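Geometric and topological summary
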Amino acid sequence: MTQDTASVPALRAERLGKRYGPVWGLRDCTFAVPPGGIVGLVGPNGAGKTTLLALTVGLLAPTEGHVAVFGQRSRAQTPLAMARVSYLAQDHPLYRGFTVADMFHFGRSLNPSWDQALAEARMAALGIPLTRKVKTLSGGQQAQVALTMALAKRAPVLLLDEPVASLDPIARLDFMRDVVAASAESGLTVLIASHVIAELERLCDWLLVLNGGRLQLAGAVDDLLAGHAVLTVPRQLADADLPGRVIERTDSDRHSTVLVAAAPELVLVAADRAGWVAQPVGFEQLALAYLRRPPGQAASLAEPLGSVGSAGRAVAS
Amino acid sequence: MIWVTWRQHRAQALTMLGVLAIIAVYALAVGLWMRSSFNSDDLGPCVARSGGADCAATINSFFQQFNRGPVMPLVILFFLLPGFLGAVAGAPVLGTELERGTWQLAWSQTVPRGRWLAVKLGLIITALVVFAALLSAIMTWAWGPLDEVSIRLTPPPFNLEGIWLPCALLCGFGLALLAGLLLRNTIGAMVAGYFATEIPFLITTLAVGPNVFSTTKTVDCTGALCRTASTNTVPPVSGHLGDLVNGVTHAGNHLVVSYTPASAFWPMQFLTGGIFLTFAAAAIVSAVWLLHRRTT
């Protein structure tokens, strides 16, 4: 790549939309993710996660807008665009009658950048013989072979769609540990789609929350956590009297628990003056709050967060 | 891509080679037997000498001996082959990828799916044409003696010789390929492709019969022939072994013969092949177009 990758977002979507017949699977999706690190793509089943990934790989063509990987639009279906992104589809499809060696031969035949040494080293480390047929491998081993295929393609962006959904707890941990290691070693940008939010906690640096085909939230996890707070306030207090924007409000008998999106200093000053209890928000709590918002509501897209300190991490879109 | 195509389709390729080998051995046996019979009964020299006029009875018995009986299995097989082998070769190309979800793997490597399909289709179609051409060549050789004394304008041997088999096989392949894309299921696409191939079969059988090239001529005759001449007379009253006589009208000392000359073989072959290839091309172009358009 000749471009200065530091200045070009690893992933960038611009008003991206995909319609299936009369139904929009994804609509008005705009975000930019900087290179490096792990991106969590969170949403319930049917939120549009797979659609977003398929559009990014170029397996689907967008109905409107576009998505680019390191500045290269995915729709083009050109070798240049395809070389920039690896994709591990849901249920990690492989040719069942192939041996592991055949799968790698397949990868080598279809990818000029194929890293055979990496593929073989990973299989040796995992104790998976190259001569075994794919259909005789366990689910966890198949997932590892599929991940190895994606890694050995040596693309700068790796997309994983529900990669551990079919795995047992041990295999899940092993798999995720390998993904994190690979990302750290080679500076990969990894996007992991999952409907299990807890799975992504402590793993991702960037978060995209998708619901009903709409992007609800996008931003660096540190910024998002710093830019939100949970306030416990008297129940009769109006939303307008709270600092920042109210994302979610739960009323009990006398008190309300409110998740607000606001700069931390604003929250501190307001809480101090009024005597409210302000607590930091947790990753899962934050993601869930945005998932519970009706999809029609305008996405937050981290707009208030540009002012929240680490603007340098957010890539202008 | 060449390796990938071979690895994914080698089972079908080996099946085809097996079919080719079995048919070749059987055809060789029948062909040799036919040749020895053709020569030992003084049939060959008689045909060469008199155009069949001196040995009508021998021709008839030779025809009866071979045109049914030993070659029948081959004839039946050839009616089934294009639809069956076309379905076996065509349905998995897209059907299996879509059924198993491996399309997501195949089309997310560094080869655009247009090129992926182009290489696969190029290699598979070449293999099918070579296979069918070899099979036709073997059958043309095996059928040689019968061809000298019988009519080539109807199946058999119309569907065993010339370009019929390559064209019909490509037609079966194209329809099964498209069925695989539409049904996203290998077995379903094989069945659908096989039955879809019946449509061009019916069209070619009903619309491109020898009667399309039928012509009439008046033949002078004398004696018994004038009274007994019929469509089944050997050699045909039109004058050439290989002509197909459709009707004979007796009119005094001459006959009005409506017939399709043996020379109509190639025009009929090209017309039939053209219909098959039109179906094949329409199906393959549709598949390529749909693949670019909708891939969910």
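Note that this is a predicted model, so its numbers are computed, not measured.

Of regular secondary structure, chain A possesses 10 helices and 14 strands. The C-alpha atoms of chain A give 21 Å as radius of gyration, which agrees with the globular expectation for 317 residues (20 Å, within 12%). Taking the principal axes of the C-alpha coordinates as reference, chain A spans close to 70 × 40 × 40 Å. Relative to its 317 residues, chain A shows a buried fraction of 46%.

In this section: the overall build of chain B. Along chain B, the regular secondary structure elements total 12 helices and 3 strands. Dimensions of chain B, computed from the C-alpha atoms along their principal axes, are close to 80 × 40 × 25 Å. By the burial criterion, 44% of the 296 residues in chain B qualify as buried. A separation of at least 24 residues holds for 75% of the contacts in chain B among residues at least 6 apart in sequence.

All right, on to the sheet that holds strand S12 (residues 245–251) of chain A then. Residue and element names in this part refer to chain A. Across the sheet, which stays open at both edges, the 4 strands sit in the order S12-S13-S11-S14 with antiparallel pairing between neighbours. The open sheet has two edge strands, S12 and strand S14 (277–280), and neither has a second partner. Taking the axes of each pair of neighbouring strands and ignoring which way they run, one obtains an average angle of 25 degrees across the sheet. The pairing of S12 with strand S13 (residues 255–261) spans 6 bridges and is classified as antiparallel.

All names here are of chain A. When pLDDT is averaged along chain A, the result is 86; 91% of the residues meet or exceed 70. Taken element by element, the predicted model of chain A shows its lowest mean pLDDT in helix H7 (residues 197–200) (83) and its highest in helix H3 (residues 100–110) (96). Low pLDDT, under 50, characterises residues 302–317; the stretch is placed with 40 contacts to residues that sit more than four places away or in other chains.

Counting residues at the interface gives 18 residues for chain B and 22 residues for chain A. Listing elements by their share of the side of chain B that touches chain A, those giving two or more residues are helix H1 (2–40) and helix H5 (103–106) of chain B. The biggest single contributor to the side of chain B that touches chain A is H1(B), with 3 residues.

The subject of this paragraph is the domain arrangement of chain A. How large an interface is tends to be reported as the accessible area lost when its parts come together. All names here are of chain A. As far as domains go, chain A holds domain 1 (11–220) and domain 2 (224–307). Every element with two or more residues in the side of domain 1 that touches domain 2 is listed here: H7, strand S9 (206–211) and strand S10 (214–220). In terms of residue count, S10 provides more of the side of domain 1 that touches domain 2 than any other element does, 7 residues in total. Considering only residue class, the side of domain 1 that touches domain 2 consists of 10 nonpolar, 6 polar and 2 charged.

We now examine unusual backbone geometry. Residue Pro156(B) is reached from Pro155(B) by a cis peptide bond, and omega for that bond is -20 degrees. The residue Pro156(B) is located in the loop between helix H7 (144–149) and helix H8 (164–183) in this model. Pro157(B) follows Pro156(B) through a cis peptide bond whose omega is 5 degrees. Here Pro157(B) lies in the loop between H7 and H8. A positive phi angle, near 65 degrees, is found at Asp91(A), a position not held by glycine.

Residue and element names in this part refer to chain A. Both strand S11 (residues 228–234) and S13 contribute to a ladder of 7 bridges, which runs antiparallel. Its bridge partner lying in S13, Val 230 is registered against Leu 259. Between S12 and S13, which follow one another and run antiparallel, lie 3 residues.

Time to look at the sheet that holds strand S1 (residues 215–220) of chain B. Residues and elements named next belong to chain B. Pairing in this open sheet of 3 strands is antiparallel, and the strands run S1-S3-S2 from one edge to the other. A single partner strand is all that each edge strand has here, and the edge strands are S1 and strand S2 (244–251). Averaged over all pairs of adjacent strands, the angle between their axes in this sheet comes to 25 degrees, without regard to strand direction. Alignment of S2 against strand S3 (residues 254–260), held across 7 bridges, turns out to be antiparallel.

It is worth spelling out the confidence of the model for chain B at this point. The share of residues in chain B with pLDDT of 70 or more is 99%, and the mean pLDDT across the chain is 89. Interface confidence in the predicted complex, given as ipTM, is 0.85; pTM for the same model is 0.87.

Right, let's get into H1(B). At His9(B), H1(B) is deflected by roughly 65 degrees, the largest bend along its length. Of all the residues in H1(B), the buried ones are Val4(B), Thr5(B), Gln8(B), His9(B), Met16(B), Ile23(B), Ala27(B), Val30(B), Gly31(B), Met34(B) and Phe38(B). Structurally, H1(B) contributes buried residues whose contacts are with H3 of chain A together with helix H2 (43–50), helix H3 (56–67), helix H4 (72–100), helix H6 (113–142) and H7 of chain B. Positive phi appears at Asp42(B), one or two residues downstream of H1(B), with a value of about 60 degrees.

Counting 179 residues, the largest nonpolar core has Leu159(A), Leu207(A), Leu208(A), Val260(A) and Leu177(B) as its most contacted members. Residue contributions to this core peak at 15 residues, all from H8(B). Viewed by domain, this core spans two of them, domain 1 (11–220) and domain 2 (224–307) of chain A, each represented by three or more residues.

Turning our eyes to something else, we now look at helix H10 (residues 198–207) of chain B. All names here are of chain B. Restricting attention to buried positions, one finds in H10 the residues Pro 200, Phe 201 and Thr 204. Within H10, the buried residues cover an arc of 105 degrees as seen down the axis, which keeps them to one side. Of the residues in H10, the exposed ones pointing more than 90 degrees away from the buried face are Glu 198, Ile 199, Leu 202, Leu 206 and Ala 207.

Residue and element names in this part refer to chain B. One can describe the packing of H4 onto H8 by two numbers: an axis separation of 6 Å at closest approach and a directional angle of 35 degrees. The handedness of the crossing between H4 and H8 is right-handed. Classifying every residue of the contact of H4 with H8 by side-chain character gives 19 nonpolar, 7 polar and no charged.

To continue, consider the environment of Tyr87(A). On the secondary structure map, Tyr87(A) appears in strand S6 (residues 85–88). Assessed through the 26 C-beta atoms surrounding it within 10 Å, Tyr87(A) is described here as buried. Other than its neighbours up to four places away in sequence, Tyr87(A) contacts Leu53(A), Val57(A), Ala150(A), Leu159(A), Gln104(B) and Ser108(B).

So, on to the pairing of strand S7 (residues 157–161) of chain A. All names here are of chain A. For S7, the buried fraction is high: 5 of the 5 residues fall into the buried class. Taking every second residue as pointing to the same face, both faces of S7 are buried, with Val 157, Leu 159 and Asp 161 on one and Leu 158 and Leu 160 on the other. Bridging between S6 and S7 involves 4 bridges; their strand directions are parallel. When the bridges of S7 are listed, Tyr 87 appears paired with Leu 159. Pairing analysis gives 5 bridges linking S7 to strand S8 (residues 189–194), with the strands arranged parallel. By the bridge assignment, Asp 161 is partnered in S8 with Ala 193.

The rules behind these values
- Residues numbered from 1 in each chain as written.
- Chains lettered and ligands numbered in written order.
- Predicted model: local features only at pLDDT ≥ 70, side-chain atom pairs only at ≥ 80, totals over all residues.
- Helix = DSSP H or I, 4+ residues; strand = E, 2+ residues; numbered from the N terminus.
- Rg over C-alpha atoms; globule rule 2.2 N^0.38 Å.
- Buried ≥ 20, exposed ≤ 12 C-beta atoms within 10 Å, placed from the backbone.
- Contact = placed C-beta atoms within 7 Å.
- Pairing = 2+ DSSP bridges.
- Axes fitted to C-alpha atoms, helices over the stretch in contact; angles between N-to-C directions.
- pLDDT = per-residue confidence, 0-100.
- Domains from an automatic or database assignment.
- Nonpolar A, V, L, I, M, F, W, Y, C, P; charged D, E, K, R; others polar.
- Bend = angle between axes of the 7 residues up to and from the residue.
- Core = buried A, V, L, I, M, F, W, Y, C linked by C-beta atoms within 7 Å.
- Arc of directions from axis to C-beta.
- Left-handed = near helix turned anticlockwise from the far one by under 90°.

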